[in-house]
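Residue strings, one per chain:
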Amino acid sequence: MNLTERLGIGRRELVSFIGAGGKTTLLLSLGAELAASGSRLVLTTTTKMGADQTPTWTTMCDTLGEVRAALDAEYPAFLIGSRAGDKLLGVAPALVDDVFTNLDPSHVLVEADGARRRSLKAPARHEPVIPTESTTVVVVAGLDAVGHRIADVAHRPQLVASLLGGTVDDVLRPEDVAMVLGHPEGGLARVPASARIVVALTKAVGDSAVEIEQRLTSHQRIDRVVVVAGG
């Protein structure tokens, strides 16, 4: 079963990736699958990402006109807001909604969160930056965080510790990761009510993935939990 099937991605979707521990890898892997299948595909970010992370199989676009031209030529488009050194700055979420609604892509994939290469995060009040029209939101966490101090592996460690009722010196257990992922102020913060939610667990070690999956499978807001390679 490929990643598209495992995540349950349909024929026309706006998919936003949030959380920590492998969002970019997952987005690009899913994008490569969809592009190979002939999808009218747009990739973008509402935050920022490294310029070296953009794939060579996409056409870089600065405007909606360039995105439309790339789609009409059957090339995957990568929409950016601007460049700042080695970073690509993202676009407003409303613009992503406009692309999805008006340019008739099959799929729009959005990196909608930042984590500074950490494996777990709890978002600040301005995060994540999820387009309203998102049909699926993939909440990502790296399971290599389990067994380590919150301070060493989490982005915004004070917020993670606060959600768990502890301190940044506490060592993360599988149940802690599950709690953060399923918390309305953690992994589920600011997810549009109409969006389907998938939790993607990367960097699996030991039996932690099984325990986390068991804890989240019955969550009324989460559609499915998948363990994926990479991150």
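In this text, all values refer to a predicted model and were calculated from it rather than measured experimentally. (Residues numbered from 1 in each chain as written. Predicted model: local features only at pLDDT ≥ 70, side-chain atom pairs only at ≥ 80, totals over all residues. Heavy atoms only, no water.)

### As for the pairing of strand 10 (residues 136-142)
The buried count for strand 10 comes to seven of seven residues, which makes it a mostly enclosed element. By the alternation rule, side chains of strand 10 split into Thr 136, Val 138, Val 140 and Gly 142 and Val 137, Val 139 and Ala 141, which are all buried. Direction of pairing for strand 1 (residues 13-19) relative to strand 10: parallel, over a ladder of five bridges. Across the sheet, Gly 19 pairs through a bridge with Val 140, a residue of strand 10. (Buried < 20%, exposed > 50% of the residue type's maximum accessible area, 1.4 Å probe, protein only. Helix = DSSP H or I, 4+ residues; strand = E, 2+ residues; numbered from the N terminus. Pairing = 2+ DSSP bridges.)

### Structural notes on the sheet that holds strand 7 (residues 87-89)
With respect to topology, three strands assemble into an open sheet ordered 3-7-6, the strand pairing being antiparallel. With one partner strand each, in any of the chains shown, strand 3 (48-50) and strand 6 (82-84) form the two edges of the open sheet. Each strand axis lies, on average, 30° off the axis of its neighbour in the sheet, ignoring direction. Bridging between strand 6 and strand 7 involves three bridges; their strand directions are antiparallel. What sits directly across from Arg 83, in strand 7, is Leu 88. (Axes fitted to C-alpha atoms, helices over the stretch in contact; angles between N-to-C directions.)

### Digging into unusual backbone geometry
The peptide bond linking Glu 127 to Pro 128 adopts the cis configuration, its omega dihedral lying at -20°. Looking at where Pro 128 falls in the secondary structure, it is placed in the loop between strand 9 (120-121) and strand 10. If you check the backbone angles, Arg 116 has positive phi at about 50° while not being a glycine. Within the secondary structure, Arg 116 is located in the loop between strand 8 (107-111) and strand 9.

### Some points on helix 8 (residues 208-217)
For helix 8, the complete set of buried residues consists of Ser 208, Ala 209, Ile 212 and Leu 216. Angular distribution of buried residues about the axis of helix 8 spans 95°; they occupy a single face of the element. In helix 8, the exposed positions that point more than 90 degrees away from the buried face belong to Gln 214 and Thr 217. Elements in contact with the buried residues of helix 8: helix 7 (174-181), strand 12 (196-202) and strand 13 (222-227). (Arc of directions from axis to C-beta. Contact = heavy atoms within 4.5 Å.)

### Describing the layout of surface pockets
A volume near 640 Å³ is recorded for the largest pocket. Lining the largest pocket are 28 residues, and of these Glu 111, Gly 114, Ala 115, Arg 116 and Arg 117 sit closest to its centre. Put simply, the parts of the chain that give the lining of the largest pocket at least two residues each are helix 2 (23-36) and strand 3. A per-class count over the lining of the largest pocket returns six nonpolar, eleven polar and eleven charged. (1 Å grid on protein atoms, 1.4 Å probe; cavity = no way out; pocket = protein on both sides within 12 Å on 5 of 7 lines; lining within 4 Å. Points joined across faces, edges and corners; volume = space filled by probe spheres on them. Nonpolar A, V, L, I, M, F, W, Y, C, P; charged D, E, K, R; others polar.)

### Digging into helix 2
Since one α-helical turn is 3.6 residues long, residues separated by three or four positions face the same way. Helix length check: helix 2 (14 residues) gives 20 Å between terminal C-alpha atoms against 20 Å at 1.5 Å per residue, within 8%. When helix 2 is considered as a whole, its buried residues turn out to be Lys 23, Thr 24, Leu 26, Leu 27, Leu 28, Leu 30, Gly 31 and Leu 34. One or two steps after helix 2, the chain reaches Gly 38, where phi turns positive at roughly 90°. (Expected span 1.5 Å × (residues − 1).)

It is worth stressing that arrangement in space is one thing and function is another; only the former is reported here.
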